[in-house]
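# Structure at a glance
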Amino acid sequence: MVSIRNILLVVLFVLIALAPALINMTSDLMGTDDKAEMVIKEINSGYVRWVEPFWSPNEGTEKLLFVFQSAIGSGFIFYYVMRKRKKGRP
């Protein structure tokens, strides 16, 4: 059976994962892709891409997807650490 404690932990996990994306939606964060594009344009202003992305999400969606990706990765690490701790291994 699922305990109330587990449900509260999952809700807390989701809130912690979403908080940065929801609080800071208007900030001007620049990723490495954007910085690389600026450098390429400075070096060679006539550069043409070889391929175009098949989907380009808006800025809010992109941040939200990144938050989910980091939350899933953190969850896997947390699960691995807790599993090792239960078995008594360092």
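What you see is a predicted model; the values in this text were computed from it and never measured.

Rules used throughout
Residues numbered from 1 in each chain as written. Predicted model: local features only at pLDDT ≥ 70, side-chain atom pairs only at ≥ 80, totals over all residues. Heavy atoms only, no water. Salt bridge = Lys/Arg side-chain N within 4 Å of Asp/Glu carboxyl O. Helix = DSSP H or I, 4+ residues; strand = E, 2+ residues; numbered from the N terminus. Buried < 20%, exposed > 50% of the residue type's maximum accessible area, 1.4 Å probe, protein only. 1 Å grid on protein atoms, 1.4 Å probe; cavity = no way out; pocket = protein on both sides within 12 Å on 5 of 7 lines; lining within 4 Å. Points joined across faces, edges and corners; volume = space filled by probe spheres on them. Nonpolar A, V, L, I, M, F, W, Y, C, P; charged D, E, K, R; others polar. Patch = residues over 30% accessible without salt bridge, like charges linked within 9 Å, V, L, I, M, F, W, Y side chains within 5 Å. Areas by Shrake-Rupley, 256 points an atom, 1.4 Å probe, with all protein chains shown as cover. pLDDT = per-residue confidence, 0-100.

### Digging into the pattern of salt bridges
- Throughout the structure, instances matching the rule amount to three salt bridges.
- For the salt bridge of Glu 37 with Lys 41, the shortest nitrogen-to-oxygen distance reads 3.3 Å. One end of the pair is Glu 37 and the other is Lys 41, both in helix α2 (residues 32-43) and four residues apart, which spans about a single turn.
- Here Glu 37 falls in the partly exposed class, since its relative accessible area comes to 32%.
- In this structure, a network of salt bridges that share partners links the residues Glu 37, Lys 41, Arg 49 and Glu 52.

### Describing the layout of surface pockets
- Of the voids in this model, the second largest pocket is the one considered here, and its volume is about 450 Å³.
- Around the second largest pocket, the lining residues are Asn 6, Leu 9, Val 10, Phe 13, Ser 74, Gly 75, Phe 78, Tyr 79, Met 82, Arg 83 and Lys 86.
- Considering only residue class, the lining of the second largest pocket consists of six nonpolar, three polar and two charged.

### Comments concerning a nonpolar patch on the surface
- The grouping of Val 2, Ile 4, Ile 7, Leu 8, Val 11 and Leu 15 at the surface amounts to a nonpolar patch, some 610 Å² of accessible area in total.
- Judged by relative accessible area, which is 42%, Ile 7 ranks as partly exposed.

### Observations concerning the confidence of the model for the protein chain
- Per-chain confidence: the protein chain averages 81 in pLDDT, with 86% of residues scoring 70 or above.
- When pLDDT is averaged over each element of the protein chain, α2 comes out on top at 85 and helix α1 (residues 4-23) at the bottom at 83.

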